[in-house]
Number of protein chains: 4
Amino acid sequence: MSSTYGDKVKISVFGESHGNGIGVVIDGLPAGVKIDMDKVLVQMARRAPGKDKTATPRLEKDFPKVLSGMLDNTLTGAPLCAVIENTNTRSGDYGNLLSCPRPGHSDYAAFVKYNASNDIRGGGHFSGRLTAPIVFAGAVCRQILEQKGIKIAAHISSIGSVCDEQFNPVEIEDKLIEKLNLSSFALIDDSAEQKMRDEVEKARTSLDSVGGTIECAITGIDAGVGDPMFDGVEGVIAKAVFGVPAIKGVEFGKGFELAKMRGSQSNDPFRYKDGKVVTETNNMGGILGGITNGMPVIFRAAVKPTPSISQKQKTVDLQKKENAELEIHGRHDPCIVPRAVPVIEAVAALAIINMMD
Amino acid sequence: MSSTYGDKVKISVFGESHGNGIGVVIDGLPAGVKIDMDKVLVQMARRAPGKDKTATPRLEKDFPKVLSGMLDNTLTGAPLCAVIENTNTRSGDYGNLLSCPRPGHSDYAAFVKYNASNDIRGGGHFSGRLTAPIVFAGAVCRQILEQKGIKIAAHISSIGSVCDEQFNPVEIEDKLIEKLNLSSFALIDDSAEQKMRDEVEKARTSLDSVGGTIECAITGIDAGVGDPMFDGVEGVIAKAVFGVPAIKGVEFGKGFELAKMRGSQSNDPFRYKDGKVVTETNNMGGILGGITNGMPVIFRAAVKPTPSISQKQKTVDLQKKENAELEIHGRHDPCIVPRAVPVIEAVAALAIINMMD
Amino acid sequence: MSSTYGDKVKISVFGESHGNGIGVVIDGLPAGVKIDMDKVLVQMARRAPGKDKTATPRLEKDFPKVLSGMLDNTLTGAPLCAVIENTNTRSGDYGNLLSCPRPGHSDYAAFVKYNASNDIRGGGHFSGRLTAPIVFAGAVCRQILEQKGIKIAAHISSIGSVCDEQFNPVEIEDKLIEKLNLSSFALIDDSAEQKMRDEVEKARTSLDSVGGTIECAITGIDAGVGDPMFDGVEGVIAKAVFGVPAIKGVEFGKGFELAKMRGSQSNDPFRYKDGKVVTETNNMGGILGGITNGMPVIFRAAVKPTPSISQKQKTVDLQKKENAELEIHGRHDPCIVPRAVPVIEAVAALAIINMMD
Amino acid sequence: MSSTYGDKVKISVFGESHGNGIGVVIDGLPAGVKIDMDKVLVQMARRAPGKDKTATPRLEKDFPKVLSGMLDNTLTGAPLCAVIENTNTRSGDYGNLLSCPRPGHSDYAAFVKYNASNDIRGGGHFSGRLTAPIVFAGAVCRQILEQKGIKIAAHISSIGSVCDEQFNPVEIEDKLIEKLNLSSFALIDDSAEQKMRDEVEKARTSLDSVGGTIECAITGIDAGVGDPMFDGVEGVIAKAVFGVPAIKGVEFGKGFELAKMRGSQSNDPFRYKDGKVVTETNNMGGILGGITNGMPVIFRAAVKPTPSISQKQKTVDLQKKENAELEIHGRHDPCIVPRAVPVIEAVAALAIINMMD
């Protein structure tokens, strides 16, 4: 397993859904930076389950306890460890016996990899719950980036076939960023919300789930960040984003649309504007040769439909070694896209802070 | 700069388009494996410029000289260094002065990052020519993987609006893989070739260029390879693929199409087949929770149109600090997709070999 | 800060002496291995303060709580996090103001590095207390290594001018290893204990402290482990050992004594013994060209005298910017060598497990 | 194999003694720095064989050809590759069959590790010749460090029982550094030279070899460099120094002598001097808690006697699987300490440049 990320600011995520606790160690944070813990909690609340439209700043469960690295809310430079205790751990009997792997879940792949020793309760280390410490880490890193003028915002780009408006790739206003950063159903055009909620509701009533896309923008990043080839900005961000469960595609700028374009359309013309070099369009998503060009960095991630659905599904029985059917019980989020938005922002922050000098 | 990749088999790529030579050091190869250098040269020929339909096994230019790590074509276990000497280096005068950055190229971003000290002749370290050592490294690694039964093949999935047939995601025949591995215009359905060539020709005659997509499959990979979170198979492959110039999107399995699907459609049902667990569909591209499930690993990459076009383009003059126009002279490939196919196979091999125990 | 180690089994240590807790995340442990927690606690007890001659298996303070990665004492393959809560944290007022750095301590170097923001209470992240999670991590890794027949034992090689007998470098009996592994004052020749304790007592009554050396042996390690050059066994072990506070020298085999030897004395002759290649002597400490040769790996570490002494010392006042004097109050260990023995064994285990395939 | 070092400035060393060439790729050098190649060649000449007392700036053999990363002697920011072609490669027949491993050499350990496939001619990748590219890399890095006021010098601390004077640990004059940096038999007190040469001659005439120690100082390094625990200055330097063949011990400051000292002797008192914090002594070698304190960083390395001696030695015959005797023919350096001095300086430079922000 390697639930670590970064070589400057190093993140090590730990925990299992029904274990004693989950959390993260962040090694390499700069000493002396003041962290606003309320802002961190806002981000964690955006990701937390069981909420409706609005983000609640303080949610008692999922409350992270900082064990180290912070004194009077100021970073000490020592590794920061935050722990979220699990309160739903059952001490009683359970079997760690995986019989029928759930389609679309990690069950079968993990069963093979870990020789049937992994903790399968609630998905174990693969649980979406593990994104809580990631959001915590990202929220800390974002405050450091903000002091350098770098801001990050994402929104629900689409759910099923319903789309939000897209970012204006050459100019993204701070007001929009602030609005998105506080929203638990982050949209540029709020009029899309009801249609998206209907799409989710339709899936739910069909005992089904639905996927979507998330668009993320990083503003205020200077030209010259990133490296050519394998440590290019695209690769570094993509590795972080694919670390989020359920992400199956990442594209920068116009992304896959570029495949159908002509060079005369896709090349972003350079211009001087207020003495600064800018591009008139931003089809490249702010990245040329793996290096930022000073325009907003923009990417989109594809989120697969929640694999937990209430319909009967075909699977295998690994004990009996025969085909089987499976029905997953319990309440499941028919669409995880809204809650994944702050997670995408968080991993973008982890990626960017690791590319800064 | 960080033109390195991998922590088991470590690749360090060096060189500049008009420097003395380009090449690669590969550290961590297993001792005792016999390498068929003719097969390596076939892969390099597929990528090489100036060819037409068929791949020529021995092309005098771009011929890699192995300095170390191989004795009688057998890997010694020591780092393997291969150098391709540049023959087109001009020893005379030149200016390293970048005046007008080419739109869509790394020129401007690199100018800022390297304080105007980078070698801009022919694109320097950002030149597509640097993919030659990557193909070399990949070709060596592929032979090691093949001994473990792992095969890699890619094809031109689309150029502009012309599409090839896609891989059958649940069963890819060795015969198809062999055919693609030898082709310099790799297609599943050869009848698409003329239409694609027409599309490229149309772009060329318009003094323009065109993009496309490449689909890549990795077969014979056991279930249980990869790690959860940030070292998942998707992230590790994506980091390698985004290391290839001009790639702006990567998706696994159904990728962005999943965003519009329902869970009941996207979940791949498990079945027993000949005593082995398989999935009936392969929308997840052979990866669940970041770990392989034994099905073919399948991904697609978006290739942007060649930024070098012959039309007049808007840019800036960095010396005069004013807007300017630019015309790029010389012959340029109006579509790099066919030549990028073996590069994508190569980086896939580098990614996979770094995930094997 | 970078309190991380390893690229296969990755250790991330966190905590500050007077913070909420200290601990470690261990990423990359093999799934399915059963861990005997009592054995882990024995190792932690050997390092713990406040004990006398014998190691107490369960010491309530310094008790590590495992948050993740273990289920029914079996490794799940997910990152293992263990936390030791600090019970001596004072919530009241304190100043984080460093006035007079203690000679021999990290105070001044850390003050400069962390812009005076580091937690100085009790030494903060530099406290010897941080070796508790290291011993925990080492104790887990040792049990994995033991399943492969690899054993690790260290002893107090010297305190001041009193020396223990040294390991027989060509044959170290399991019985000796077992004895040392259970001892809190680990000696090969127990008759040295009283003389060593006298040496420590003499230092204490002089309001002073004393240094020493620790010798460590790793047995059962096959020939062929390690890599040439920078990932040689010597370098990998040394990096781990220098991670232990107060270590200022590391030598392998005859070490610095080799500098005065002739090649005819230092070269270890090869012989067949019971069909196996061995060396008659082991001046090289079981390592040739950075790679193990099948003989015991043997190294020694120099431990500086505890910097905290009760005598008045010369220092500076960083606030007043003038010379000053300093008296350190409280009880301090006049010799940390006995307690450092299990720490050295632990980091040796971390080093070795990261070199195994 | 892992002949790589560093994560900021990444070094990848390649080559085998009798292969086509040896060299190094240096990735991560800062763009725009002018490199004085004559100075680089002076360092390489100090290490080169076949010279006597004085360093020859241009020695045709071992001449490094720079393939990339440098334009008009200025770093471009792209990976720098330098190759030294081997001229003594025999294209004729040879056997790669190792029969009798040389005692004290890597032969046997490498035979096991590489399944008898490693290139054994001339020691292959383990040859001391591989230190030539290391000196090249160090010489480039040193020039970058010198621009920040950081200087590195080493001297022969001892050969056999003959000792040079040691560095004054609290003040090392630039004039001394310059003298040492140009010397091929680097001594603080030149009167020791004849006695050392006699010691070497005595060993040679006895068909034997002799070891020694090298002391190295790094001046001009600010307080606050390095990290606690596993990335402390001691560990980072030690890992680099143990990468040099024949090094079996590394100690910082008073090193192993500290083991016999009292804290009241070893603690370095702080004082203000010209408004700057200094220590009156420097027993800690300029490092506290893994972090520099602004004093010179000082370490010593133990060099084992050259394992190649002309006397008959006991070994085994790995083909016949029986005991055997071995006589090594040819001219061999009976003491490699003088030539190892610039290598130690080089790896110190690699270590330091990787710790700078």
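The structure this text deals with has already been given above.
Residues numbered from 1 in each chain as written. Chains lettered and ligands numbered in written order. Predicted model: local features only at pLDDT ≥ 70, side-chain atom pairs only at ≥ 80, totals over all residues. Heavy atoms only, no water.

A. Local environment of the pattern of salt bridges. Scanning all chains against the criterion turns up 72 salt bridges over all chains. Linking Glu215 of chain B and Arg300 of chain B is a salt bridge whose minimum nitrogen-to-oxygen distance equals 3.0 Å. In this pair, Glu215 of chain B is assigned in strand 10 (residues 212-219) and Arg300 of chain B in strand 16 (residues 297-303), connecting sequence segments 85 residues apart. The same class applies to Glu215 of chain B and to Arg300 of chain B, which are both buried. Measuring nitrogen to oxygen at the nearest pair gives 2.9 Å for the salt bridge that ties Lys314 of chain D to Glu280 of chain C. Of this pair, Lys314 of chain D sits in strand 17 (residues 312-317) while Glu280 of chain C is found in the loop between strand 13 (276-279) and strand 14 (287-288), placing the two residues in two different chains. For Lys314 of chain D, a relative accessible area of 34% translates into the label partly exposed. If you follow the salt bridges from partner to partner, you end up with Arg46, Arg142 and Glu345 of chain A in one network. (Salt bridge = Lys/Arg side-chain N within 4 Å of Asp/Glu carboxyl O. Helix = DSSP H or I, 4+ residues; strand = E, 2+ residues; numbered from the N terminus. Buried < 20%, exposed > 50% of the residue type's maximum accessible area, 1.4 Å probe, protein only.)

B. Structural context of the interface of chain B and chain D. Contacts between chain B and chain D engage 43 residues on the former and 43 residues on the latter. Taking both sides of the interface into account, the surface hidden between chain B and chain D amounts to around 3100 Å²; carbon and sulfur atoms contribute 55%. The tally of links from chain B across to chain D stands at 0 salt bridges. Where chain B packs against chain D, one counts 15 residue pairs in polar contact (both at pLDDT 80 or more). Going through the elements one at a time, strand 2 (10-14), strand 3 (21-27), strand 4 (65-68), strand 5 (70-71) and strand 7 (80-85) of chain B are the ones with two or more residues in the side of chain B that touches chain D. A breakdown of the residues in the side of chain B that touches chain D according to their chemical character gives 16 nonpolar, 19 polar and 8 charged. (Contact = heavy atoms within 4.5 Å. Buried area = accessible area lost by both parts, 1.4 Å probe. Polar contact = N/O pair within 3.5 Å; in protein donor to acceptor, adjacent residues only side chain to side chain. Nonpolar A, V, L, I, M, F, W, Y, C, P; charged D, E, K, R; others polar.)

C. Geometry of helix 3 (residues 131-146) of chain A. For helix 3 of chain A, with 16 residues, the first-to-last C-alpha span of 22 Å sits near the 22 Å given by 1.5 Å per residue. Summarising burial for helix 3 of chain A: 15 of the 16 residues are buried, a large majority. (Expected span 1.5 Å × (residues − 1).)

D. Quick peek at the packing of helix 6 (residues 233-241) of chain C against helix 8 (residues 337-353) of chain C. All names here are of chain C. Taken N-terminus to C-terminus, the directions of helix 6 and helix 8 make an angle of 140°; their axes are 9 Å apart at the nearest point. Here helix 6 lies oblique to helix 8, going by the angle between them. Here the hand of the crossing between helix 6 and helix 8 comes out right-handed. Contacts from Val236, Ile237, Ala240 and Val241 in helix 6 reach Ile344, Val347, Ala351 and Ile352 in helix 8. Residue composition of the contact of helix 6 with helix 8, by class: 8 nonpolar, no polar and no charged. (Axes fitted to C-alpha atoms, helices over the stretch in contact; angles between N-to-C directions. Parallel < 35°, antiparallel > 145°, perpendicular 65-115°, else oblique. Left-handed = near helix turned anticlockwise from the far one by under 90°.)

E. Focus on the sheet that holds strand 10 (residues 212-219) of chain A. The 10 strands lie next to each other as 9(A)-8(A)-10(A)-16(A)-11(A)-11(B)-16(B)-10(B)-8(B)-9(B), forming an open sheet whose pairing is antiparallel. Both outer strands of the open sheet, strand 9 (162-163) of chain A together with strand 9 (162-163) of chain B, are each paired with one neighbouring strand and no more. Helix 6 (residues 233-241) of chain B contacts strand 11 (247-252) of chain A together with strand 10, strand 11 (247-252) and strand 16 of chain B of the sheet and is inclined by roughly 155° relative to strand 11 of chain B. (Pairing = 2+ DSSP bridges.)

F. Structural detail: the interface of chain B and chain A. Taken together, the contacts link 100 residues of chain B with 100 residues of chain A. Summed over the three residues of chain B that lose the most area to chain A, namely Met229, Phe230 and Lys248 of chain B, the buried surface amounts to 12% of that side. Inspection of the chain B/chain A interface yields 10 salt bridges. Tallied by class, residues from the side of chain B that touches chain A come to 48 nonpolar, 31 polar and 21 charged. Pairing between strand 11 of chain A and strand 11 of chain B: 3 bridges, direction antiparallel. Residue Val250 of chain A lies in a different strand from strand 11 of chain B, and its bridge partner there is Val250 of chain B.

G. A look at the relation of the copies chain B and chain D. You can overlay chain B on chain D at an RMSD of 0.0 Å; the transform is a turn of 180° with a shift of 0.0 Å along its axis. Such a combination of turn and shift is consistent with a two-fold rotation axis. (Least-squares fit on C-alpha atoms with pLDDT ≥ 70 in both.)

H. Region of interest: the side chain of Asp27 of chain A. The residue Asp27 of chain A is located in strand 3 (residues 21-27) in this model. Here Asp27 of chain A sits buried without a salt bridge, and the closest side chain of opposite charge, Lys10 of chain A, lies 6.0 Å off (N-O distance). Polar side-chain contacts of Asp27 of chain A include one of 2.6 Å to the backbone nitrogen of Ser3 of chain C. (Lys, Arg positive; Asp, Glu negative; His and termini not counted.)

I. Fine view of the sheet that holds strand 2 (residues 10-14) of chain C. All names here are of chain C. Spatially, 1-2-3-7-4 is the arrangement adopted by the 5 strands of the open sheet, whose pairing is antiparallel. The sheet is open, and its two borders are formed by strand 1 (4-5) and strand 4 (65-68), each paired with just one other strand. Pairing between strand 2 and strand 3 (residues 21-27): 5 bridges, direction antiparallel. Of the residues in strand 3, the one forming a bridge with Phe14 is Gly23.

J. How the structure looks around the packing of aromatic side chains. Following the criterion strictly, the structure yields 22 aromatic pairs over all chains and no others. On the basis of an interplanar angle of 45° and a centroid distance of 5.9 Å, the ring pair of Phe252 of chain B and Phe299 of chain B is categorised as tilted. One end of the pair, Phe252 of chain B, is in strand 11; the other, Phe299 of chain B, is in strand 16, and 47 residues separate them in sequence. Here Phe252 of chain B and Phe299 of chain B have matching classes, each one buried. When the centroid spacing of 5.2 Å and the interplanar angle of 50° are considered together, the rings of Tyr5 of chain C and Phe230 of chain D count as tilted. Of the two residues, Tyr5 of chain C is situated in strand 1 and Phe230 of chain D in the loop between strand 10 (212-219) and helix 6 (233-241); the pairing between them involves two chains. (Phe/Tyr/Trp six-rings, centres within 6.5 Å; stacked < 30°, edge-to-face > 60°.)

K. Representation of unusual backbone geometry in the model. Phi at Asp72 of chain A is positive, roughly 50°, even though this residue is not glycine. Residue placement: Asp72 of chain A occurs in the loop between strand 5 (70-71) and strand 6 (74-75). With relative accessibility at 52%, the residue Asp72 of chain A sits in the exposed group. You will see that Leu207 of chain D, though not glycine, has its phi angle at about 55°, which is positive. On the secondary structure map, Leu207 of chain D appears in the loop between helix 5 (192-205) and strand 10.

L. Structural detail: the pairing of strand 2 of chain C. Residue and element names in this part refer to chain C. Burial analysis of strand 2 places 5 of its 5 residues in the buried class, which makes it a mostly covered element. Side chains Lys10, Ser12 and Phe14 of strand 2 all project onto a buried face; the interleaved residues Ile11 and Val13 project onto the opposite face, where all are buried too. As judged from the 2 bridges shared by strand 1 and strand 2, these two strands associate in the antiparallel manner. Residue pairing for strand 2: Tyr5 is matched across the bridge by Ile11. In this antiparallel pair of consecutive strands, strand 1 and strand 2, the connection spans 4 residues, and Gly6 shows a positive phi of 95°.

Nothing here speaks to function; it is all geometry.
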